Amino acid sequence: MKLSDIMGAMALSTYAEIALVIFFAIFVGVLIHIFRRDLRPEFERAGHLPLEDDFRPEPGDAKENG
Amino acid sequence: MATALEKFRYDDDIVRKFTLATLIWGVVGTLAGLYVALILVMPSLSFGLPYLTFGRLRPLHTNAAIFAFAGNAVFAAVYYSSQRLLKARMFNDALSRAHFWGWQLIIVAAALTLPLGITSGKEYAELEWPIDLAIAVVWVIFAVNFFGTIAKRRERHIYVAIWFYIATVITVAVLHIFNSLAIPASATRSYSIYAGVQDAFMQWWYGHNAVAFFLTTPFLGLMYYFMPKAANRPVFSYRLSILHFWSLVFMYIWAGPHHLHYTALPEWASTLGMIFSVMLWMPSWGGMINGLMTLRGAWNKVAEEPVLKFFVVGITFYGMSTFEGPLLSVKSVNALSHYTDWTIAHAHAGALGWNGMMTFGMAYWLAPKLFQTELWSKKLANAHFWIGTLGILLYIVPIYAAGVTQGLMWRAFDETGRLAYPDFVETVMRLVPMYWVRVAGGTLFVAGAVIGLVNVIMTWKARPATYADPEHEAPALGVFEEGSPKHEAKGFAWLARADFHRAWERKALKFSVLTALAVIVASLFEIIPTFLVRSNVPSISSVAPYTPLELAGRDVYLEDGCYNCHSQMVRPIRAETERYGEYSKPGEFVYDHPFQWGSRRIGPDLHRVGGKYPHLWHVRHMEDPRSTTPQSIMPPYPWLLKEDTDFAGIQKRVDVMAMLGVPYGDAVNKAEALAREQAKQIAAEIQAQGGPAGLEGKKIVALTAYLQRLGTDIKKAPAAEGGQRQATASGAH
């Protein structure tokens, strides 16, 4: 029996639908993640990264690093 | 935690190199485009030379535009922004140089080999195996250099632009390697290990994702860095950019099959491609809005700053193209648009509008910084913007019109139920005026590219005697902390916890591995069933391998890039079966290494051309297409009647095919003798039909043999040795 016989009997086309569900779940996960309130300061800082060509220590930095 | 500041300098020299290369190749690539546009309206411009035909120069144009112009622009953006976002010099200067010169050498090699007809015959992946190997090596050099820089970075958070670059570096490597797998028959000829449907699937998995990960994600990285820089504002919503990224990475990879609607591809695969393509609307428009809204409160700057003008138009074209792409992937729209100029218009809205405008915007922003002087002429930059934008519009509007016009003409029936335009050339003639407008639009865009190059070179001339090389400071990153103490996750609460994603964002390696996994798993989900489910490629017992001579003729077909204008895929649509004959079945292509379905019908489909005309017709038609079809826009191929078929090389080619699993039987031992025998017979028939004598050793005979074979196998009675496969011949009706 060849591998293709085994795989052929597995009705692989439903994989596509399973994958669709998995990927949609991941999408929802990312969505929940980005709306987390406590991440707001980090996103705020990250958004400013392109604008700082030189490193400037920020007031909150030391504390954040614990 | 106080850390000592480290001192470092950025390597801007490499960015200068890539930026200048971008602009130079931009002129070359668009000029090549203009030339092929002209050939279509003035076929005599190919001067009867093999090197100047549309079939050979169009791949040169697309390769130059994508890999030379856009490619160098991507590298310039990556090398400039990564160093600054990561607060580190590139990992290794020697690797940077090797990357730059290696890539330019590859481009030169492409520019030399494609006009010579050295091609693998797969769209957007035409370069032959030695160049493919070089691309893989240079890409690995780039990857090591890039990931090495991330490893020694001094900024903990990896900015979203870098994520887009990471996705690019990983995915392009995967795409390039798997699509290019081929067995060489000589230094200049190799055959794809995949055949027919599977090759088509791999090719458009590659082709689609080359658009996604070579022309979209790196340019989004560029947008997320340079747009905030030029507007002097942070991106509108960092959250949206995260969503944008993950949605693209998870969805884009699925959408490839939409390039093959109504072809011999399994229905479920193309439906899946369609669903994911439509879902792409969300992140794409999110990204467009994010880019444009970065200008909030700064729209007044757009009026005076050419850089912002380029970016605004570029991002707008991103929105338009990503709206149109999913639209084209809807099957009923695709039935009309496929094989027409609609695709060409869509591609150029994306390439000229999105990639072109973003690149020029970046170049104008970079030039004063890199050359440490004022931009030579802001006025000229503004002129470039207007000329370029007008050029794009003059290009795409008539070509959209041409696409819809031809699509409608192909499917038009008269009141008696017959094709309204049975003569294919009628539908071509209708387009010629629109092709002339495209030439005008293309000329403007080329003029803009030249202006851009001149402006930047003049800026470069005004550079200081020695560049200032300022020292920067930042604290080193210590050992990563795992962030705040772990929270206890209950049930699905972990989904809502940020730590998992925050850790990815900070840990480049983990992040890259996951991106790669997303891409590879999605690809496998898509590809494996096509390869392994038997019913997807029904075998047809009467389909036999090409004879050695036909194989040689097929090589001529590949070399001259016939697939650039002719499809070999009759779709199961009444207008097509009326025009061309029986629709194409997957099982008919099982020996096609590589597949030659094509993507545009500038000329008619050829899948059922076998036996349609006498041999002599093909000889006359190749010698001068206008002797058989007076209005034809096909270039003449007179050299096919003069150049000799490489009989000595045929055995090696047959051997490679046999190695790939094509059941050649006897021919593996005496391919050359079989080929000579068939050539003699065809040459005699040509002479009997009143044609010239002495053609038997010429390429025209091999090509004629191949064309006369096309699509004829299903009309034959099943051969005896095919009996064992008959049981699964469900696709043969």
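Residues numbered from 1 in each chain as written. Chains lettered and ligands numbered in written order. Predicted model: local features only at pLDDT ≥ 70, side-chain atom pairs only at ≥ 80, totals over all residues. Heavy atoms only, no water.

Can you break down the packing of aromatic side chains residue by residue, with the values?
Residue and element names in this part refer to chain B. In the structure shown here, the tally under the stated rule is 45 aromatic pairs over all chains. In this arrangement the basic side chain of arginine 438 is found over the ring face of tyrosine 435, its NZ or CZ atom lying 4.6 Å from the centre. Lying over the aromatic face of tryptophan 460, arginine 463 brings its terminal NZ or CZ to 4.2 Å of the ring centre. (Phe/Tyr/Trp six-rings, centres within 6.5 Å; stacked < 30°, edge-to-face > 60°. Lys NZ or Arg CZ within 6 Å of the ring centre and 35° of its normal.)

Account for the nonpolar core, with residues named and values stated.
Residues and elements named next belong to chain B. Trp103 and Phe226 are the most contacted members of the largest nonpolar core, which has 173 residues in total. If you tally residues by element for this core, the top one is helix 2 (residues 54-86), at 18 residues. Once you skip the residues sitting within four places of it in the chain, phenylalanine 226 turns out to touch Ala77, Tyr80, Ser81, Phe311, Met362, Trp365 and Leu366. Membership of the second largest hydrophobic core comes to 46 residues, among which are Leu549, Val609, Met657 and Leu660. (Core = buried A, V, L, I, M, F, W, Y, C linked by side-chain atoms within 4.5 Å. Buried < 20%, exposed > 50% of the residue type's maximum accessible area, 1.4 Å probe, protein only. Helix = DSSP H or I, 4+ residues; strand = E, 2+ residues; numbered from the N terminus. Contact = heavy atoms within 4.5 Å.)

Explain the layout of surface pockets residue by residue, including any values.
Residues and elements named next belong to chain B. Space inside the second largest pocket adds up to approximately 890 Å³. Every residue lining the second largest pocket is counted, 41 residues in all, and those nearest its centre are His566, Gly603, Pro604, Leu606 and His621. Looking at the lining of the second largest pocket, the elements with two or more residues in it are helix 2, helix 16 (424-429), helix 22 (574-580), helix 23 (615-623) and helix 27 (699-709). Taken together, the residues of the lining of the second largest pocket break down into 25 nonpolar, 9 polar and 7 charged. (1 Å grid on protein atoms, 1.4 Å probe; cavity = no way out; pocket = protein on both sides within 12 Å on 5 of 7 lines; lining within 4 Å. Points joined across faces, edges and corners; volume = space filled by probe spheres on them. Nonpolar A, V, L, I, M, F, W, Y, C, P; charged D, E, K, R; others polar.)

Quick rundown of a nonpolar patch on the surface? Include the residues and the values.
All names here are of chain B. Nonpolar side chains collect at one region of the surface, where Phe236, Trp285, Ile289, Met293 and Phe323 lie side by side and expose about 430 Å² of accessible area between them. By residue number, the principal contributor to the nonpolar patch is helix 10 (residues 281-293), which donates 3 residues. Tracing the backbone shows phenylalanine 236 in the loop between helix 7 (217-231) and helix 8 (238-251). (Patch = residues over 30% accessible without salt bridge, like charges linked within 9 Å, V, L, I, M, F, W, Y side chains within 5 Å. Areas by Shrake-Rupley, 256 points an atom, 1.4 Å probe, with all protein chains shown as cover. Salt bridge = Lys/Arg side-chain N within 4 Å of Asp/Glu carboxyl O.)

I'd like a rundown of the packing of helix 7 of chain B against helix 14 (residues 341-371) of chain B, residues and numbers included.
Residues and elements named next belong to chain B. Interhelical geometry of helix 7 versus helix 14 gives an angle of 40° and a closest axis separation of 11 Å. Classed by the angle they form, the pair helix 7 and helix 14 counts as oblique. Helix 14 is crossed by helix 7, and the crossing has left-handed handedness. Residues Phe219, Leu220, Leu222, Met223, Phe226, Lys229 and Ala230 of helix 7 form the contact with helix 14, whose participating residues are Trp354, Asn355, Met358, Thr359, Met362, Trp365 and Leu366. Residues that form the contact of helix 7 with helix 14 fall into these classes: 11 nonpolar, 2 polar and 1 charged. (Axes fitted to C-alpha atoms, helices over the stretch in contact; angles between N-to-C directions. Parallel < 35°, antiparallel > 145°, perpendicular 65-115°, else oblique. Left-handed = near helix turned anticlockwise from the far one by under 90°.)

Just give me the short version of empty space enclosed by the protein, but keep the residues and values in it.
Residues and elements named next belong to chain B. All told, the structure shown has 7 cavities of 30 Å³ or more when counted by the stated rule. Of the voids in this model, the second largest cavity is the one considered here, and its volume is about 140 Å³. Along the walls of the second largest cavity sit 14 residues, with Tyr546, Glu588, Arg709, Gly711 and Asp713 positioned nearest its centre. Its residues assigned to classes, the lining of the second largest cavity shows 6 nonpolar, 4 polar and 4 charged.

So far we have only geometry, and geometry alone does not tell us how the molecule works.
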